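# Architecture at a glance
Each chain, letter by letter, is given below.
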Amino acid sequence: RRDFTVNAMALRLPEPELIDPFGGVQDLAKGVLRTPLGPEVSFSDDPLRMLRAARFIAGYDLEPEPALTEAVGRMRHRLEIVSVERVRDELSKLLVVDDPSDGLWFLVDTQLSDEIMPELRAMRLEQDPIHRHKDVLAHTIAVVAKTSPRLTVRLAALLHDIGKPKTRSIGPRGVSFHHHEVVGARMARDRLRALRFSNEVVADVQRLVFLHLRFHGYRDDVWSDAAVRRYARDAGPLLDDLNELTRCDCTTRNERRARVLAARMDALEARIAELRGREELESLRPDIDGNRVMELLGIGPGREVGEALSMLLDARLDEGPLGEAEAERRVLAWWEARRTSS
């Protein structure tokens with residue numbers, strides 16, 4: 001009564017003898033995924049096996065037998081009796097196989113994805129006969145396959161365009177998805193929370209989805225050093241993950257366009273490395289701390305201290321290191337201007 005014939009095998013000891021009552025070896029050789037008993041029986045025993053089937057399909061390059069696929073389509077609602085934590089863990093295992101594509105398509109085609117992440121099938125946007133655009137779901141699964149098999153990056157790849165269905169509009173210049181990264185970041189947060197991912201994973205994926213379009217405005221002659229600092233600062237410890245997601249987000253078949261985008265990312269990473277050599281981008285702080293601000297202004301802890309530090313950090317990002325004396329001068333000037341205006 002194991003999940004599938006290919007893992008319903010054992011070795012008898014001490015003299016090794018393969019016990020294979022359901023023909024698992026033969027199914028492995030043929031590349032077939034089927035259940036030891038009827039699929040309805042197996043999936044009734046444990047509905048999570050329907051989701052696990054997607055992982056076996058993708059992870060072991062197996063083709064599900066038609067009866068198995070049909071049973072998942074009929075019984076998909078049974079997944080609701082499985083704990084969210086078990087569903088989350090099985091989905092995570094699927095996402096970190098070398099190439100989850102076939103498993104993700106299995107989830108979508110059987111509509112099992114509606115029980116886990118209904119936003120996936122929503123990305124199969126109906127194509128307008130005039131204003132056509134890339135198939136968002138096909139693009140998404142291709143991006144997932146290109147990323148390295150690490151859960152946070154794979155989740156960000158899976159959800160990076162989740163906001164497109166809600167933001168699609170057709171205007172004089174064709175189809176657009178304005179601010180889909182903003183909408184998508186909120187949707188990604190809500191879906192991952194519903195699946196009870198850790199707060200850290202939720203925050204990191206939300207951040208990557210929110211920032212995944214930031215690079216597309218990059219040009220050497222347009223972005224100042226300040227803009228590069230802000231890009232690195234906003235990404236923080238997720239910088240390498242963001243750059244990987246950005247690179248993999250290019251699924252165009254136009255080789256020239258792909259080369260141009262890759263060269264631009266190379267140039268941005270080189271500039272980040274150059275700035276990193278001069279200053280610690282990941283730990284940029286104002287040139288003075290909150291205690292010194294309170295000393296200078298003669299005030300206690302409060303909102304004004306935070307506002308002063310925020311002003312100094314903006315100046316630091318725009319101009320580079322200010323030095324303590326200049327930072328103090330600017331805080332005093334800022335405070336005087338604030339008092340005058342009020």
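Numbers given to residues run from 1 along each chain, matching the order in which its sequence is written. This being a predicted model, a pLDDT of at least 70 is required before a residue's local features are given, and a value of 80 or more before pairs of side-chain atoms are given or counted; all residues contribute to the totals for chains, interfaces and linings. Here the side-chain values reflect all heavy atoms present in the structure, with hydrogen atoms and water set aside.

Right, let's talk about the confidence of the model for the chain for a bit. By definition, pLDDT measures how confident the predictor is in each residue, and it falls between 0 and 100. For the chain, mean pLDDT is 88; residues scoring 70 or higher make up 92% of the total. Across the chain, the element-wise mean pLDDT spans from 67 in strand β6 (residues 174-176) up to 98 in strand β4 (residues 63-64). Residue contacts are counted whenever heavy atoms from the two residues lie within 4.5 Å of one another. Counting contacts from residues 128-132, a segment whose pLDDT is below 50, to residues more than four positions away or on other chains yields six contacts. Numbering goes from the N terminus for both helices and strands, where a helix is a DSSP run of H or I of at least four residues and a strand is a run of E of at least two.

Right, let's get into empty space enclosed by the protein. Of the two site types, the cavity is a set of points on a 1 Å grid over the protein atoms alone where a 1.4 Å probe fits but cannot get out, and the pocket is an open set with protein on both sides within 12 Å along at least five of seven lines, each lined by residues with an atom within 4 Å of a point. Grid points are joined across faces, edges and corners, and a volume is the space filled by probe spheres set on the points. One pass over the full model with this rule turns up one cavity of 30 Å³ or more. Taken as a whole, the largest cavity spans an internal volume of roughly 40 Å³. The wall of the largest cavity is formed by Leu 91, Leu 104, Leu 107, Ser 113, Ile 116, Met 117, Leu 120 and Leu 158. Secondary structure elements with two or more residues in the lining of the largest cavity: α6 (101-109) and α7 (113-116). In this classification, the charged set is Asp, Glu, Lys and Arg, the nonpolar set is Ala, Val, Leu, Ile, Met, Phe, Trp, Tyr, Cys and Pro, and all remaining amino acids, among them Gly, are polar. Partitioning the lining of the largest cavity into residue classes produces seven nonpolar, one polar and no charged.

Mapped onto the elements of the fold, Thr 5 is located in the segment before β1 (10-12). By relative accessible area, which is 0% here, Thr 5 ends up buried. Discounting residues that sit within four places of it in the chain, Thr 5 has contacts with Phe 22, Gly 24, Asp 27, Arg 34, Thr 35 and Pro 36. Only protein chains enter the accessibility calculation, which uses a 1.4 Å probe; a residue is then buried when its area is under 20% of its type maximum, exposed when over 50%, and partly exposed in between.

A word on the pattern of salt bridges. Any carboxyl oxygen of Asp or Glu that lies within 4 Å of a side-chain nitrogen of Lys or Arg is treated as forming a salt bridge with it. Under the criterion given, the structure shown has 28 salt bridges. The partner of Arg 329 in a salt bridge is Glu 326, and the shortest N-O contact between them spans 2.8 Å. One end of the pair, Arg 329, and the other, Glu 326, are both in helix α19 (residues 324-341), three residues apart, so they sit about a helical turn from each other. Ionic contacts of the salt-bridge type, sharing partners, join the residues Asp 3, Arg 49, Arg 52, Arg 55 and Glu 90 into one network.

The buried fraction of helix α10 (residues 151-159) amounts to eight of the nine residues, a majority that puts the element mostly inside the structure. Taken together, the buried positions of α10 are Thr 152, Val 153, Arg 154, Leu 155, Ala 156, Ala 157, Leu 158 and Leu 159.

The next thing to look at is the packing of helix α14 (residues 225-235) against helix α15 (residues 239-248). Between the N-to-C directions of two axes lies an angle of 0 to 180 degrees, each axis being a line fitted to C-alpha atoms and, for a helix, fitted only over the stretch in contact. It is the contact of α14 with α15, at a shortest axis distance of 8 Å, that shows an interaxial angle of 105°. Relative to α15, the element α14 is oriented roughly perpendicular. Counting all contacts with α14, which are made through Tyr 231, Ala 232 and Ala 235, the residues of α15 involved are Leu 239, Leu 242, Asn 243 and Thr 246. Its residues placed into classes, the contact of α14 with α15 shows five nonpolar, two polar and no charged. Working definition: roughly parallel below 35 degrees, roughly antiparallel above 145 degrees, roughly perpendicular at 65 to 115 degrees, and oblique for all remaining angles.

A separate point is a negative patch on the surface. Note on patches: the residues involved have over 30% relative accessible area and no salt bridge, like charges join within 9 Å, and the nonpolar side chains Val, Leu, Ile, Met, Phe, Trp and Tyr join within 5 Å. Using the Shrake-Rupley algorithm and a 1.4 Å probe, accessible areas are obtained, with residue cover drawn only from the displayed protein chains. In this count, Lys and Arg are taken as positive residues and Asp and Glu as negative ones, while His and the chain termini are left out. Charge positions are represented by NZ for Lys, CZ for Arg, CG for Asp and CD for Glu. A cluster of like negative charges, contributed by Asp 61, Glu 63, Asp 98, Asp 99 and Asp 102, occupies part of the molecular surface. Looking at where Asp 98 falls in the secondary structure, it is placed in the loop between α5 (84-95) and α6.

When the centres of two rings from Phe, Tyr and Trp lie within 6.5 Å, Trp using its six-membered ring, the rings pair. Their planes under 30 degrees apart give stacked, over 60 give edge-to-face, and anything left gives tilted. For the structure shown, the criterion picks out four aromatic pairs. Plain terms: the ring middles of Trp 334 and Trp 335 are 6.1 Å apart, the flat faces sit at 40° to each other, and that makes the pair tilted. Comparing Trp 334 with Trp 335 shows no difference in burial state: the two are buried. Taken together through their ring pairs, the aromatic side chains of Phe 4, Phe 56 and Tyr 60 make up a single cluster.

Mapped onto the elements, Val 201 comes out in helix α13 (residues 199-211). Under the relative-accessibility criterion, Val 201 is labelled buried at 15%. Measuring from C-alpha to C-alpha, the distance between Val 201 and Val 153 comes to 9.8 Å, with 48 residues separating the pair along the chain. Filtering out sequence-adjacent residues up to four positions away, Val 201 remains in contact with Thr 152 and Leu 155.

Taken as a whole, the second largest pocket spans an internal volume of roughly 160 Å³. Lining of the second largest pocket is provided by 13 residues; of these, Val 84, Val 87, Glu 115, Ile 116 and Leu 195 occupy positions nearest its centre. The set of elements that each furnish at least two residues to the lining of the second largest pocket consists of α5, α7 and α12 (180-194). Broken down by element, the lining of the second largest pocket gets its largest block of residues, three residues, from α7.

Within the secondary structure, Arg 271 is located in helix α16 (residues 255-278). Along the sequence, Arg 271 and Phe 43 sit 228 residues apart, while their C-alpha atoms lie 53 Å from each other. Those residues in contact with Arg 271, other than ones at most four positions away along the chain, are Tyr 218, Asp 220, Trp 223, Ser 224, Asp 225 and Val 228.

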